Each structure stands twice: as C-alpha cells, then as structure tokens.
Amino acid sequence: MDINLIGVPVQYGCDKDGSQEGPGRLRELGIKEALENNRNTVYDMGNIFVPNILPDLKYKWHKKMKYLNPLVEINKNLAHMVYCSLSANCFPFVVGGDHSLGIGSIAGASKYFDEMAVIWVDAHGDINDLETSPSGNIHGMPLAASLGVGHSSITNLYYEGRKIKPENVYILGARDLDPGEIRLIEKLNINLYTIDYINSNSLDGAVKEILSKLKTSNVDSVHLSFDIDVFDESLVPGTGTPVKDGLSFDEGRYVLDEFMGSKLITSMDFVELNPALDQDNKTEILCMDILRFIGELL
Ligand SMILES: NC(=[NH2+])NCCC[C@H](N)C(=O)O
Ligand SMILES: [Mn+2]
Ligand SMILES: [Mn+2]
C-alpha cells in the first residue's frame, strides 16, 4: 500500500504545550519505517504549516473557541492534503498533534468519498460545541463539527455542510463525556460503545458489532480517528487529558487488528501524544509499538 504520512504539529486545540512535538518525535523514532514494514511505501509529506501564535492571542478570534482562526487555517490545509492523498490513491496517515486535526482530516476524506463512516477511538467524545464545551478547547469539538454541529467556521470547513451522517459515526472507548456531549449523542442517536458498555458486555462484542454494522450499511469508506488517551492513564502519561479505566495495550492492539484487518479503513489519524509530558519515554515507546503493529496491518 502507498501511504502519505502527514504531520500536524499543533497544540492550539488542546491548549497544552508539547503536543506540537508529536510528529517530529515520532519521526525521530522511525514512524516512517514502522509504517513501511518493508512492504508499504511511505511518502513523508512533511508537516502542515502551523503558525506561531502567542498565548495572549488565544481568544482574539472567538471568546469561546481558543485559537479559532489559526485552527481553521491549519485544518483547511490538512483537509486539502488528505483529499489530494486519496486522489493519488494513497492512504492518508495523519499524525498529531492534538485531536482538533480531526476536523480537517474528516473534511478532506469525506469530500473524496460518497458515504464515509468514522470510528472515533477515544476516552472522550470530542463532540462538544462552543456552548457545551467546558474548556473552549477545539480538540473537544471535531466530531461535533464533522456532524454539522457548532460554529460555522468549523462545520463548513473545506466545503459547505455536514461531513458525516450520525448513523455512520461509532465512538469506542469513551469514559469521560461532558453532559452536553451525552445530550447530543442521544439526540443524534450516535453509535456509542463506552468503557462501561465494554465492561458489562465485551470489547470483542462491541468491535464485532461495529464491523457488522459497517458491512451492512452503504458506506464506501471508513476514517479511523485514534486518540492515544483511549489507553489507560497508567500507560500514557504523555498525553494531555489522560483518563483512568482505559484500554490495556493488548486491547488497543486487538481493536486495531480487527478494524485495520477488515480492510475497510481508508484513512487514519493518530493523535494526542505529548512528548513534554511523557515519563521515562513510556508513551512514545507504546506509540511506536502500536505504529509498528499498524504497519503490519496496512
Ligand atoms: N481530544 C481530546 N483529548 N479531547 C479532550 C476533551 C476534553 C473535554 N471534553 C473538553 O471538551 O474540553
Ligand atoms: Mn480525542
Ligand atoms: Mn481523548
């Protein structure tokens, strides 16, 4: 498979310094070779341009959405890069940076395909709008924006209108949802597989159900957005918003094995490594193990 590796060294969406170092650090550790696995061809497209913005300016563009205009610009450029990758028959592999990049990657991929599904593997829903967000951090809003909910500068990014239909969205691993996120998930009837659900049923059951729903729906493509904070907080100190009771390493591998192994996935994000917060390189080592595993599955 031909893969386009696209770095997005952004931290404005999480408003925590360090996640902008993610793509550079993972390159140093050999992400290209990991994804190549002596089999694939990886074209490293470099990084999407991220301007330097002083923290004093975070509310300059909107009082409830930090760094709005820079994030719009970054995501528009990312969207076009993802669209161009797919047009060139390459698999876009987007590495962050914080999860606000999901706005751009989903906009770009959904423009290319007719009916795209999204699997959101994350401790969070990232389905806040500017009114429900407790933080004003845009990395908590990409899924809502992709569904057409939120400020028009992010819902209409790259092209006018909603990017994905609610019935094509699958959230897996959630265990820290804000009240407004739960309301929207219920209102839109989003497919939700929380950690509570997984613990009282099974991970295997949840994953198999997602795959069977995908196969019986009319989607022609699936974007997998993988936030490393889906892993238990003890495994990923190097992420900005760790949450307890997450997946084990083997469970994370299992999820990727099933989804990537199904050959349904047509683009992917890998986000929220924050090297500045890491302890004894634990998180970056885990990331590289996971990336090598992904390389075997691509
Ligand atoms: N991509 C992430 N790690 N998102 C964390 C979001 C946390 C919280 N729900 C918020 O909206 O601020
Ligand atoms: Mn996330
Ligand atoms: Mn998260």
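Residues numbered from 1 in each chain as written. Chains lettered and ligands numbered in written order. Predicted model: local features only at pLDDT ≥ 70, side-chain atom pairs only at ≥ 80, totals over all residues. Heavy atoms only, no water.

Novice: Outline the UniProt feature "binding site: Mn(2+) 2" (unreviewed entry) in the chain, listing residues and values.
Specialist: The positions UniProt marks with the feature "binding site: Mn(2+) 2" (unreviewed entry) are His124 and Asp126. For His124, a relative accessible area of 11% gives the class buried. Of the residues examined, Asp126 reaches a relative accessible area of 6% and is grouped as buried. Residue contacts for Asp126: discarding those within four places in its chain leaves His99, Trp120, His139, Gly140, Met141, Pro142, Leu143, Ala144, Glu181 and Asp227. A distance of 3.0 Å separates polar atoms of two side chains, one belonging to Asp126 and the other to His99. (UniProt positions renumbered as here; feature names shortened; annotations may be inferred. Buried < 20%, exposed > 50% of the residue type's maximum accessible area, 1.4 Å probe, protein only. Contact = heavy atoms within 4.5 Å. Polar contact = N/O pair within 3.5 Å; in protein donor to acceptor, adjacent residues only side chain to side chain.)

Novice: I'd like a description of the coordination of the manganese ion (ligand 3), backed by residues and values.
Specialist: Every protein donor of the manganese ion (ligand 3) is accounted for by Asp122 (OD), His124 (ND1), Asp227 (OD), Asp229 (OD) and Asp229 (OD), and the metal-donor separations fall at 2.1 to 2.4 Å. Of note, the donors binding the manganese ion (ligand 3) are all from one chain and are spaced D-x1-H-x102-D-x1-D. Taken as a pair, the manganese ion (ligand 3) and the manganese ion (ligand 2) show a spacing of 3.2 Å, with Asp122 coordinating each metal. With Asp122 in the loop between strand 4 (116–121) and helix 5 (142–146) and Asp229 in the loop between strand 7 (221–227) and helix 10 (249–261), the pair connects residues that are 107 residues apart, well separated along the chain. The two residues Asp122 and Asp229 agree in class, both being buried. (Donors = N, O, S within 2.8 Å, 3.2 Å for Na, K, Ca; no water. Helix = DSSP H or I, 4+ residues; strand = E, 2+ residues; numbered from the N terminus.)

Novice: Pulling in residues and values, what's your account of the side chain of Asp229?
Specialist: Here Asp229 occupies a buried position and makes no salt bridge, while the nearest side chain of opposite charge, Arg175, is found at 5.7 Å. If we ignore the near neighbours within four places in the chain, the residues touching Asp229 are Asp122, Ala123, His124, Arg175, Val236, Thr239 and Thr241. (Lys, Arg positive; Asp, Glu negative; His and termini not counted. Salt bridge = Lys/Arg side-chain N within 4 Å of Asp/Glu carboxyl O.)

Novice: Quick rundown of the pattern of salt bridges? Include the residues and the values.
Specialist: Summed over all chains, the structure comprises 13 salt bridges. The closest approach of N and O atoms between Asp15 and Lys66, which form a salt bridge, is 2.9 Å. Within this pair, whereas Asp15 is found in the loop between strand 1 (2–8) and helix 1 (22–28), its partner Lys66 is found in the loop between strand 2 (41–47) and helix 3 (68–87), the two being separated by 51 residues in sequence. What makes Asp15 partly exposed here is its relative accessible area of 25%. One network of salt bridges, with partners in common, ties together Asp15, Lys58 and Lys66.

Novice: Break down the pairing of strand 3 (residues 91–96) for me, with residues and values.
Specialist: The element strand 3 is extensively covered by neighbouring structure, given that six of its six residues are classed as buried. Two elements, strand 1 and strand 3, share six bridges in a ladder whose sense is parallel. Bridge pairing links Asn4 to Pro92 in strand 3. (Pairing = 2+ DSSP bridges.)

Novice: Provide a residue-level description of helix 4 (residues 102–112), including the pertinent values.
Specialist: Taking burial as the measure, the eleven residues of helix 4 include nine buried ones, the bulk of the element. For helix 4, the set of buried residues is Gly102, Ile103, Gly104, Ser105, Ile106, Ala107, Gly108, Ala109 and Ser110.

Novice: Can you lay out the pairing of strand 7 for me, pointing to particular residues and giving the numbers?
Specialist: Strand 7 sits mainly inside the fold: seven of its seven residues count as buried. Side chains Ser221, His223, Ser225 and Asp227 project from strand 7 onto one buried face, and the interleaved Val222, Leu224 and Phe226 project onto a second face that is buried too. Pairing analysis gives six bridges linking strand 4 to strand 7, with the strands arranged parallel. Bridge pairing in strand 7 places Val118 opposite His223. The pairing of strand 7 with strand 8 (residues 265–271) spans six bridges and is parallel. Bridge pairing in strand 8 links His223 to Ser267. With respect to chirality, the unit in which strand 7 leads through helix 10 into the neighbouring parallel strand 8 is right-handed. (Right-handed = clockwise from strand over helix to strand, strands pointing away.)

Novice: Tell me about helix 10, residues and numbers included.
Specialist: Taking 1.5 Å of rise per residue, the 13 residues of helix 10 would be expected to cover 18 Å, and the 17 Å separating its terminal C-alpha atoms lies within 8% of that figure. If you check which residues of helix 10 are buried, you get Gly252, Val255, Leu256, Phe259 and Met260. The buried side chains of helix 10 occupy one side of the element, clustering within an arc of 110° when seen end-on. Lys263 lies just past helix 10 and shows a positive phi near 65°. (Expected span 1.5 Å × (residues − 1). Arc of directions from axis to C-beta.)

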